[in-house]
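An overview of the molecular structure
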Amino acid sequence: MENQTHKTTTKKRGGQKVHRILKPASSIKFALGDKKYILSLEDKSRESINEAYSKISYLETENEQNSEVLQQEYAEKLADIDDKAETVKESVLMRQRNDLKNEYTKKLDAIALKSEKIAKQEYKPFLDLLFGQKAGDEIFNMVGQNSIAVNKVIAAVMLEFNQVNNVEDYMTRQVNNIIKMKDRANGAN
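**Let's talk about the pairing of strand β3 (residues 27–32)**
- Direction of pairing for β3 relative to strand β4 (residues 35–40): antiparallel, over a ladder of six bridges. Directly across from S27, in β4, lies its bridge partner S40.
- Counted between consecutive antiparallel strands, the loop separating β3 from β4 contains two residues, among which G33 sits at a positive phi close to 65 degrees.

Shown next as structure tokens:
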């Protein structure tokens, strides 16, 4: 991945200060393995990317919440079984624990399968949207058909995408550059 840097420089020309502002990036370049990818920052591209990523985030968050609810239910039901320890035979309690564990293992496995389904249905088209047709297949193949690795690639891309699109960060960097230039100028005097 390539980080963009932005600086403001000042020069005196005819007694006036000229502030040079580097043109903000209109794309982001990424390298994955030997392959290079370019992500457009055009308005229509950003809009499409944000919409698609929001959909993926929603589906993944909903699935994760379902998993957390099931884990909480399992813990509560297991505690209910353990509360009967003084009044029920241990063999009956063990059978109830095993039955409960089997029931919730199946439910959690179904959620894990749904997570894989989300990855298979959403990640490739999203990567195609980011980097062009067949990028999803290329990247999946590069990481050995590993959806977790692809998720990490997407996370890295989106982190850079959001950083480059953050105008407040850009303005802060510009102000910091001006402060540094003033400090250098004052140090030279």
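Still to come is the rest of the account.
**Side note on the pattern of salt bridges**
- Inspection of every chain in the model, using the stated rule, returns seven salt bridges.
- The shortest N-O distance in the salt bridge between K35 and E138 comes to 3.9 Å. Of this pair, K35 sits in strand β4 while E138 sits in helix α3 (residues 135–142), and the two are 103 residues apart along the sequence.
- A relative accessible area of 35% means that K35 is categorised as partly exposed.
- Of the residues examined, E138 reaches a relative accessible area of 30% and is grouped as partly exposed.
- Across the pair R97 and E90 runs a salt bridge whose closest N-O atoms are separated by 3.0 Å.
- For R97, a relative accessible area of 23% translates into the label partly exposed.
- Through salt bridges with shared partners, a single ionic network connects D82, E90 and R97.

**Some remarks on the packing of helix α1 (residues 43–83) against helix α4 (residues 147–164)**
- Following both chains from N to C, one finds α1 and α4 inclined at 135 degrees, their axes separated by 12 Å at the closest point. As judged from the angle between their axes, α1 and α4 are oblique. As for how α1 packs across α4, the hand of that crossing is left-handed. Across the interface between the two elements, R46, I49, N50, Y53 and E60 from α1 touch N151, I154, M158 and F161 from α4.
- Its residues assigned to classes, the contact of α1 with α4 comprises five nonpolar, two polar and two charged.

**Points about the packing of aromatic side chains**
- If you walk through the whole model with that rule in mind, you get four aromatic pairs.
- Summarising the aromatic geometry, the rings of F30 and F131 are spaced 5.7 Å apart at their centres and angled 70 degrees between planes, so their arrangement reads as edge-to-face. Taken as a pair, F30 in strand β3 and F131 in helix α2 (residues 90–131) lie far apart in primary sequence, 101 residues in all.
- Residue F131 is classed as buried on the basis of its relative accessible area of 15%.
- Between Y74 and Y104, the aromatic rings sit 5.7 Å apart at their centres with planes inclined by 45 degrees, giving tilted as the arrangement. Of this pair, Y74 sits in helix α1 while Y104 sits in helix α2; the two residues are 30 residues apart in sequence, bridging distant segments of the chain.
- Here Y74 falls in the partly exposed class, since its relative accessible area comes to 24%.
- Through a chain of ring-to-ring contacts, three or more aromatic side chains come together here, namely F30, Y37 and F131.

Reading the values: rules and limits
Residues numbered from 1 in each chain as written. Predicted model: local features only at pLDDT ≥ 70, side-chain atom pairs only at ≥ 80, totals over all residues. Heavy atoms only, no water. Pairing = 2+ DSSP bridges. Helix = DSSP H or I, 4+ residues; strand = E, 2+ residues; numbered from the N terminus. Salt bridge = Lys/Arg side-chain N within 4 Å of Asp/Glu carboxyl O. Buried < 20%, exposed > 50% of the residue type's maximum accessible area, 1.4 Å probe, protein only. Axes fitted to C-alpha atoms, helices over the stretch in contact; angles between N-to-C directions. Parallel < 35°, antiparallel > 145°, perpendicular 65-115°, else oblique. Left-handed = near helix turned anticlockwise from the far one by under 90°. Contact = heavy atoms within 4.5 Å. Nonpolar A, V, L, I, M, F, W, Y, C, P; charged D, E, K, R; others polar. Phe/Tyr/Trp six-rings, centres within 6.5 Å; stacked < 30°, edge-to-face > 60°.

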